[in-house]
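A look at the structure
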Amino acid sequence: MWPLELIAAGAMIVSLTFYALLGGADYGGGVWDLFARGPRALKQRALIEEAIGPVWEANHVWLILVVVILFTGFPVAFAAIATALHIPLTLLLIGIVLRGSAFTFRTYDVKRDERERGWGRIFSIASIITPVLLGITLGGIASGSIRFENGIVPNGFVRPWLAPFPLAVGFFALALFAFLAAVYLTLETRDTLLQEDFRRRAIVAGVVVAALALAVFLLSGSGAPKVRAGLSASAWAVPLHLATAISAIAAFAALWKRAYGLARVCAAAQVTLILWGWALAQFPYIVEPDITIQSAAAPPATLRLLLGALALGALLLFPSFYYLFRVFKGGLASLKDEG
Amino acid sequence: MNDLLAARSQMAMSLAFHIVFAAIGIAMPLLMVIAEWLYLRTREDVYLELARRWAKGTAILFAVGAVSGTVLSFELGLLWPQFMGYAGAIIGMPFSLEGFAFFTEAIFLGIYLYGWKRVAPRAHLAAGAIVALSGALSGIFVVIANAWMNSPVGFQILDGKPVNIDPVAAMLNPMALSQTLHMTLAAYAATGFAVAGIHAYQLRRDRSNLFHRRALAIALTVGGAAALFQPLSGDLSARAVARQQPAKLAALEAQFKTEAGAPLRIGGIPDVERAETRYAIEIPRGLSLLAFHDPNAKVTGLDAFPRDEWPHVPIVHAAFQLMVASGTLMMAVALWGAYGFWRRRALPDGKWFLRALVLAAPAGMIAIEAGWTVTEVGRQPWIIYGIMRTAEAVTPMPGLLVPFLTFTVLYLFLSAVVVWLLFRQVAASPRGVPLASGKEAAQEEEEPEHVAA
Ligand code: HDD
Ligand code: HEM
Ligand code: HEM
């Protein structure tokens, strides 16, 4: 039997993965909204709106689940992260608020006019800033410079995250989300011209992802030594890099061949592997160097209940999600009928 | 403003903002499901139009509720890290369960809002019912966490650290039942009255408009029923407070002296320096009777507590009076409406009754804000009653005035936009809609989307 706290930490990373794969792509949609260009710009925007509309709020809850598991299962880690990263987290929240409300206001503002474009602008700019801040936060956690002892933050409130490595992670996250979104969007329409638009965008974003991945890896040498050590020296390092590289190359190949279904699977696998690689590299730390999964873990009574609730919740959740996605993403044919 | 005060203000402002959307998010799905259900039963198009309009309003409000709730989840740590480090393992449980309620709520709201043409009518109605149910559940779970802050149980303290944690016992804390009941009723009462007030306003000019008449009937039934029970549930709350948090009871009644047969004060200005309350109307033995159901019971006054454990008495007392006054107004209007219906067997639509409804429209939301002020300010100086002080819980982050002001400006802006959107979207009378029942309606049945294209 695995220790409870390990399962809880795993559940947290699973939730974060779902947030990246689903919620992340919704942000990516906002990026492509801003960069909608050419003769089909309006159609691109409409497709993005249609794809995000019914699902973004449900996708967003994955982030809340991450936070809730963190403060229930690892309260001390939550306290340390929320204290030392107060500034980027606050900016992240402002981004989340603006993205969500501007998207909704745009959808429900009746007249198709200037103001609607204003909401669209806020929505898309917030969709760019928020992933960067999310990445900065994760980069700050990985950097090993977050300390919180006896109510004091010895490294200050700025240095742990305003550094090359976390910033690089921020842009890496943005590129990944934009890549995911472009790949998914090829499957949201039957209009081959629109598919081509997003196929091209996916390929460009994929190249940027690769470049930024290299930058993040190089910067981690000084920016996040523990993670770097894990990523280069562990027994699992080589297989992990191989698997990630294969899924990345396969995603490119599938895009090239217009095998969009396969591209989606490969892109999702790539993002998943990156997240799990990071998690493994910093294992057993939640916040390196002071807080481990074990030292931060809530007592077994809490963890047992939390895991019970997660298991029961999953039983309700996955069928519901399946239904949601089947209704809105399943039959493209029915989508076309409505025009 | 020092950092502690800035943190408290930011928390209070964020919650005061969120709770409006949360209350609407609990009750609005019920109204919309009732309208849709009536449509499926009667096939009167006006009900479908109503369900659709209400759904649009709900969509806007839900989004703002979701993002402001996300802010709160983070703020618990951003502002009160020591509190969360201490209490996370004890009260994380209701927050986790709340998380799953959010999932079901968001998933089925997506299906409800965007699925009019994609799922069968019954499945659509069921999706709405699930939204209504999970909205109520999410409110209940989070209020359980708050009730624990008021009456912390389910752990022991060893060397200043919580041990022997029992999260289930913590959830079943002594304030949980009264607070969740009171809050859930409050959501239905406040939303019902707010919606009824809007439609009553329109009806004053356009008495026969079927759309507004149907809307008023549904909203008034839900809001009025809840408002009738609310004072009863308030009594349950007051008695729980009397037992669990005597300092809060003393503050909300402005009771400075410990005495047997304490009077109930209506109004009055508490003078903290002199430890007396002036200009109040006193009902002899009223407080003892209400709080302990015994006219001679001894009520603990603020004099039983050291001065640094008093909450801010004037604020708590005034907020309590405001809540009870609003509750009394709403109950009176609800009784008036029930009497009118009983006499005429029809929707009461007299001029004065409609005016009263307009007047009472904001009363529920005012009572909710005031009630939470009683609960939260009345708990001070404690963040966990009797266990941890708010000052011990606050983050060491300096300059907290900046995020407080930033979020205040952001939320003021959002409020203005939401009001403007709702005004344009939902409140205006539909004109071109076929409001007849019967034949045309039966034909529409096949293609309901024609109604509100
Ligand atoms: C529609 C809203 C509404 C109305 C009409 C009332 N209340 Fe209320 N009250 C609330 C909405 C509310 C609330 C905002 O929902 C609170 C805050 C915390 C809670 O659990 O409910 C609350 C709290 C609250 C508390 C404090 C509980 C605590 O601190 O834990 C007491 C003693 C009362 N109420 C008593 C009453 C009485 C005697 C009422 C008689 C008319 C009344 N309330 C009407
Ligand atoms: C049910 C969930 C709630 C939880 C878990 C909660 C939690 C908290 C916490 C942690 C604080 C800061 C510490 C403190 O001042 O004691 C606080 C303060 C406050 N909250 Fe709540 N709260 C809840 C609901 C609300 C609501 C709905 C309101 C609506 C108006 C509200 C109003 C306030 C106010 C006015 C303060 C500041 C009190 C003061 O510092 O004087 N709370 N709350
Ligand atoms: C500290 C206190 C609170 C926290 C941390 C909190 C957290 C949240 C979060 C994260 C959401 C977004 C869920 C989503 O994305 O769908 C949310 C929405 C919601 N919250 Fe709160 N909340 C608090 C207080 C309250 C209170 C006091 C109530 C009501 C009794 C409440 C009821 C709701 C409801 C019904 C929703 C659904 C969204 C809506 O309809 O607007 N919450 N809350």
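Right above here is the structure, for reference.
Conventions we followed
- Residues numbered from 1 in each chain as written.
- Chains lettered and ligands numbered in written order.
- Predicted model: local features only at pLDDT ≥ 70, side-chain atom pairs only at ≥ 80, totals over all residues.
- Heavy atoms only, no water.
- Donors = N, O, S within 2.8 Å, 3.2 Å for Na, K, Ca; no water.
- Buried < 20%, exposed > 50% of the residue type's maximum accessible area, 1.4 Å probe, protein only.
- Helix = DSSP H or I, 4+ residues; strand = E, 2+ residues; numbered from the N terminus.
- Arc of directions from axis to C-beta.
- Phe/Tyr/Trp six-rings, centres within 6.5 Å; stacked < 30°, edge-to-face > 60°.
- Lys NZ or Arg CZ within 6 Å of the ring centre and 35° of its normal.
- Contact = heavy atoms within 4.5 Å.
- Buried area = accessible area lost by both parts, 1.4 Å probe.
- Polar contact = N/O pair within 3.5 Å; in protein donor to acceptor, adjacent residues only side chain to side chain.
- Near = heavy atom within 4 Å.
- Nonpolar A, V, L, I, M, F, W, Y, C, P; charged D, E, K, R; others polar.

Geometrically, a metal with four donors at the corners of a regular tetrahedron has ideal angles of 109.5 degrees, and one with six donors at the corners of a regular octahedron has ideal angles of 90 or 180 degrees. All of the protein donors around the iron atom of ligand 1 are B:H182 (NE2) and B:M323 (SD); their distances to the metal are 2.0 to 2.2 Å. The class of B:M323 is buried, set by a relative accessible area of 17%.

Here we take up helix α9 (residues 225–233) of chain A. Residues of α9(A) that are buried include every one of A:V227, A:G230 and A:L231, and no others. Projection of α9(A) onto a plane perpendicular to its axis shows the buried side chains occupying an angular sector of 90°, all on one side.

Before going further, it helps to spend a moment on the packing of aromatic side chains. Counted under the stated rule, the structure contains 27 aromatic pairs over all chains. Taking 6.4 Å as the distance between ring centres and 35° as the angle between the ring planes, the aromatic pair formed by A:W62 and A:F318 counts as tilted. Of this pair, A:W62 sits in helix α3 (residues 56–73) while A:F318 sits in helix α13 (residues 300–330), and the two are 256 residues apart along the sequence. Accessibility expressed as a relative area gives 3% for A:W62, which makes it buried. Ring-pair connections join several aromatic residues into one group, and the members of that group are A:F18, A:W62, A:F318, A:F321, A:F325, B:F100 and B:F103. The ring of A:Y27 has A:R99 lying over it, and the distance from NZ or CZ to the ring centre is 4.2 Å.

The subject of this paragraph is the environment of B:L97. For B:L97, the position within the fold is in helix α3 (residues 81–114). Considering only alpha carbons, one finds B:L97 and B:A367, 270 residues apart in sequence, at a separation of 27 Å. Dropping the residues within four chain positions of it, B:L97 is found in contact with A:A309, B:F141 and B:M171.

On the side of chain A, 64 residues touch chain B, which itself brings 64 residues to the contact. Here chain B meets chain A over a buried area of about 5,800 Å², counting both sides, of which 79% is carbon and sulfur. Together, B:F74, B:F103 and B:R118 form the three largest contributors to the area buried by chain B at its contact with chain A, with a combined 13%. Where chain B meets chain A, there are seven residue pairs in polar contact (both at pLDDT 80 or more). If you list the elements that add at least two residues to the side of chain B that touches chain A, you get α2 (45–79), α3, α5 (167–171) and α14 (401–427) of chain B. Tallying contributions element by element places α3(B) first for the side of chain B that touches chain A, with 23 residues.

Let us look at the site of ligand 1. Residue and element names in this part refer to chain B. In the vicinity of ligand 1, 22 residues are found, and the nearest of them are H182, K248, M323, I368 and T375. Contact distances for ligand 1 include 3.4 Å between an oxygen atom and a side-chain N or O atom of Q179. Contact distances for ligand 1 include 2.9 Å between an oxygen atom and a side-chain N or O atom of K248. Listed by contribution, the elements that provide at least two residues to the shell around ligand 1 are α6 (176–205), α7 (210–244), α10 (313–344) and α12 (363–379). Partitioned by chemical class, the residues of the shell around ligand 1 number eleven nonpolar, ten polar and one charged.

A word on the site of ligand 2. Residue and element names in this part refer to chain B. Close contacts around ligand 2 come from 20 residues, with R8, L15, E376, R379 and Q380 the closest. E376 has a polar side-chain atom sitting 2.6 Å from a nitrogen atom of ligand 2. A distance of 2.9 Å separates an oxygen atom of ligand 2 from a polar atom in the side chain of R379. Secondary structure elements with two or more residues in the shell around ligand 2: α1 (3–42), α4 (121–150), α12 and β9 (382–384). For the shell around ligand 2, the element with the highest residue contribution is α1, accounting for six residues. A breakdown of the residues in the shell around ligand 2 according to their chemical character gives 13 nonpolar, three polar and four charged.

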